[in-house]
Amino acid sequence: MSSLGFEQFPDYQVPGVSHADFSPYESNGGSIVAIAGEDFVVIAADTRLSSGYNIHTRTQSKLFPLSNKTVLASTGCWCDTLSLTGLMKVRMQSYEHTHLKTMTTDAVAQMLSITMYNRRFFPYYVSNILAGIDKDGKGVVFSYDPIGHCERATYRAGGTAGSLLQPVLDNQIGYKNMNLNGEEPPVLTKERAVAVASDTFISAAERDIYTGDSVLINIITADGIETKELQLRQD
Amino acid sequence: MFRNQYDSDVTVWSPQGRLHQVEYAMEAVKLGTATVGLKNRDVAVLVALSKPSSELSASQRKIIPIDDHLGISIAGITADARVISRYLRSECLSYKHSYGSAYPVSRLITNLGNKMQTTTQRYDRRPYGVGLLVGGYDEKGPHIYQVTPSATFYNCKANSIGSRSQSARTYLERNLDKFLNSSNEQLICDGIQAIHGSLPTDELQSNNEDAPQLNITIAIVGKDQPFKILNELETKKYLSMAKLKGTPAEPSRPDDDEASTSRPDQADSGPRDPEVAVATEEL
């Protein structure tokens with residue numbers, strides 16, 4: 001399995017010895033997308049959990065509301081996801097007790113980065129995207145790598161179909177590689193963000209075997225979190 | 001209450017079989033302002049009286065939320081209460097993280113009792129100088145617990161601790177039968193009326209509605225009701241409701257302190273061990 005596994009050293013192989021490799025990680029699949037607007041943010045994740053060519057379930061939400069204005073979407077190794085989100089919830093409640101207020105999205109973003117880096121030498125195998133309303137009321141998206149590198153962005157796609165979805169978002173939300181003829185791109189509306197997020201998932205489900213079944217969309221505004229569900233291909 | 005040679009250390013027994021240091025710690029609870037706890041079938045209510053130490057400062061927080069299903073109201077040394085509440089919060093959070101559900105109230109209190117007991121048996125520690133009224137709700141229903149510095153805890157139908165709390169306790173004892181089937185609103189009103197007796201006499205006689213000095217804090221927890229401290233508007237509403245509803249409690253008399261209810265007249269019987277009226281009522 002590993003690059004230094006003894007399969008590569010035939011001289012050392014002894015007949016009759018069975019060698020089982022245990023990998024602590026497993027990819028349970030799934031994709032996530034987040035798009036931030038002026039005063040809202042849309043975050044979406046599919047609901048399929050798989051293991052190899054098998055499906056564990058078609059109805060598992062990968063969205064974790066951490067407060068009424070911050071949602072974390074987490075995909076990759078599901079056990080690490082559960083452990084990480086459990087830890088985040090505990091830390092956030094502890095913060096609320098001491099500081100008598102809910103953590104801001106920026107504070108959560110920083111805390112998540114630190115928490116993940118603490119496991120630098122046995123990482124959480126998760127692809128995280130944090131979306132929320134910041135202290136100025138603006139929508140914001142933070143994306144992470146498995147060891148907690150945090151980057152603030154307007155839109156981001158992650159998970160198994162991340163590399164399929166990101167270019168679509170670049171073009172449709174970022175207006176990259178398009179000839180706008182010097183015009184200002186239109187301001188992003190909530191409806192367009194939801195439409196683009198839904199369309200990218202439909203496309204992802206076409207090509208990525210790990211993405212499908214349905215997609216849950218959370219629309220976060222100053223008034224709270226609205227949920228939408230969209231059915232996808234189940235194959 | 002007088003000094004004798006067996007009261008200097010918590011690890012020293014008196015010949016009468018008492019730990020004086022622990023009993024002295026219970027006295028600290030009586031220095032705090034009164035607080036009342038009572039429950040009906042569905043909810044537990046805590047009402048606390050807080051008095052600012054001077055006109056310049058804000059009053060102390062008497063009611064501390066611990067978790068969604070539990071909160072405490074304190075009387076005594078606030079700093080000790082802070083440490084205890086930090087411990088309770090951390091225990092509840094840890095339990096929720098490990099088991100995915102709320103820490104059952106009786107077990108949490110037993111846990112706290114065990115922790116507090118060590119302070120009564122070590123020469124290098126002192127007992128916590130704070131009494132707690134715990135209001136909580138779990139699968140077994142609403143609970144009111146009283147925790148004392150001696151690390152004993154009592155499961156109560158209703159109770160009151162702190163300075164001049166005897167009149168509140170009397171009110172609660174008299175009206176105990178009607179609490180179980182009370183509505184939540186009536187329960188809160190009863191709590192307010194109970195604590196009325198613990199107001200200092202001059203406050204009671206002045207019918208000034210916006211008397212700024214004393215603050216009443218009310219908290220409620222129960223079925224479909226996470227622990228919540230009522231805000232100013234809601235508190236005002238219940239205060240006026242209580243005023244309309246019931247007869248005002250009798251003004252507390254100076255000898256109403258629990259210290260005098262069971263203590264015989266000391267002057268005549270000569271030196272003897274101080275008899276502290278520990279809250280040993282069977283409830």
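Residues numbered from 1 in each chain as written. Chains lettered and ligands numbered in written order. Predicted model: local features only at pLDDT ≥ 70, side-chain atom pairs only at ≥ 80, totals over all residues. Heavy atoms only, no water.

1. Topic: the interface of chain B and chain A
Between chain B and chain A, the residue contacts involve 8 residues of the former and 7 residues of the latter. Between chain B and chain A, roughly 630 Å² of surface is buried when both sides are summed, and carbon and sulfur atoms account for 59% of that area. Along the contact surface separating chain B from chain A lie 0 salt bridges. Connecting chain B to chain A are 3 residue pairs in polar contact (both at pLDDT 80 or more). With 4 residues, helix α2 (residues 78-99) of chain B is the largest single contributor of residues to the side of chain B that touches chain A. Within the side of chain B that touches chain A, the residues separate by chemical class into 3 nonpolar, 1 polar and 4 charged. (Contact = heavy atoms within 4.5 Å. Buried area = accessible area lost by both parts, 1.4 Å probe. Salt bridge = Lys/Arg side-chain N within 4 Å of Asp/Glu carboxyl O. Polar contact = N/O pair within 3.5 Å; in protein donor to acceptor, adjacent residues only side chain to side chain. Helix = DSSP H or I, 4+ residues; strand = E, 2+ residues; numbered from the N terminus. Nonpolar A, V, L, I, M, F, W, Y, C, P; charged D, E, K, R; others polar.)

2. Considering the UniProt feature "domain: Proteasome alpha-type subunits" (unreviewed entry) in chain B
Annotation from UniProt places "domain: Proteasome alpha-type subunits" (unreviewed entry) at residues 6-28 of chain B. A helix fraction of 39% and a strand fraction of 0% characterise residues 6-28 of chain B, whose end C-alpha atoms lie 19 Å from each other. (UniProt positions renumbered as here; feature names shortened; annotations may be inferred.)

3. Topic: the nonpolar core
All names here are of chain B. Among the nonpolar cores identified, the biggest contains 26 residues, and V36, L38, V45, I188 and I218 are the most heavily contacted of them. Those elements that place two or more of their residues in this core are β1 (35-39), β2 (43-50), α4 (166-179), α5 (184-196), β9 (215-222) and α7 (232-245). If sequence neighbours within four positions are ignored, L38 has contacts with V43, A44, V45, I144, K157, A158, L172, F179, L187, D190 and G191. (Core = buried A, V, L, I, M, F, W, Y, C linked by side-chain atoms within 4.5 Å. Buried < 20%, exposed > 50% of the residue type's maximum accessible area, 1.4 Å probe, protein only.)

4. Focus: the environment of V45(B)
Here V45(B) lies in strand β2. Its relative accessible area of 0% is what places V45(B) among the buried residues.

5. Looking at helix α1 (residues 78-99) of chain A
All names here are of chain A. Between the first and last C-alpha of α1 there are 31 Å, a value that for 22 residues agrees with the 32 Å anticipated at 1.5 Å per step. Those residues of α1 not exposed but buried are W78, D80, T81, L84, T85, G86, M88, M92, Q93 and H97. One or two positions beyond α1, positive phi appears at L100, with a value near 55°. (Expected span 1.5 Å × (residues − 1).)

6. Concerning the packing of aromatic side chains
Residues and elements named next belong to chain A. For the coordinates displayed, the defined rule picks out 5 aromatic pairs over all chains. Here the aromatic rings of Y25 and F122 are separated by 5.8 Å at their centres, their planes lie at 65°, and the arrangement is edge-to-face. Within this pair, whereas Y25 is found in the segment before β1 (31-36), its partner F122 is found in the loop between α2 (105-117) and β7 (126-133), the two being separated by 97 residues in sequence. With 5.5 Å between their ring centres and 45° between their planes, Y25 and Y125 make a pair best called tilted. Separated by 100 residues along the polypeptide, Y25 in the segment before β1 and Y125 in the loop between α2 and β7 bring together distant segments of the chain. Chaining the aromatic ring pairs together yields one cluster made of Y25, F122 and Y125. (Phe/Tyr/Trp six-rings, centres within 6.5 Å; stacked < 30°, edge-to-face > 60°.)

7. Describing the sheet that holds strand β3 (residues 63-67) of chain B
Residue and element names in this part refer to chain B. The 5 strands are arranged β3-β4-β5-β6-β7 in an open sheet whose pairing can be described as antiparallel. The open sheet has two free edges, formed respectively by β3 and β7 (153-156), since each of these has just one partner strand. Averaged over all pairs of adjacent strands, the angle between their axes in this sheet comes to 25°, without regard to strand direction. (Pairing = 2+ DSSP bridges. Axes fitted to C-alpha atoms, helices over the stretch in contact; angles between N-to-C directions.)

8. Some thoughts on the side chain of D134(A)
All names here are of chain A. Along the chain, the position of D134 falls in the loop between β7 and β8 (139-144). The buried category is assigned to D134, whose relative accessible area is 8%. One polar contact links the side chain of D134 to the main-chain amide nitrogen of D136, over a distance of 2.9 Å. Within the local environment of D134, its side chain forms a polar contact with the side chain of R152, the two groups lying 3.3 Å apart. Not counting chain neighbours up to four residues away, the residues in contact with D134 comprise T105, D106, V140 and R152.

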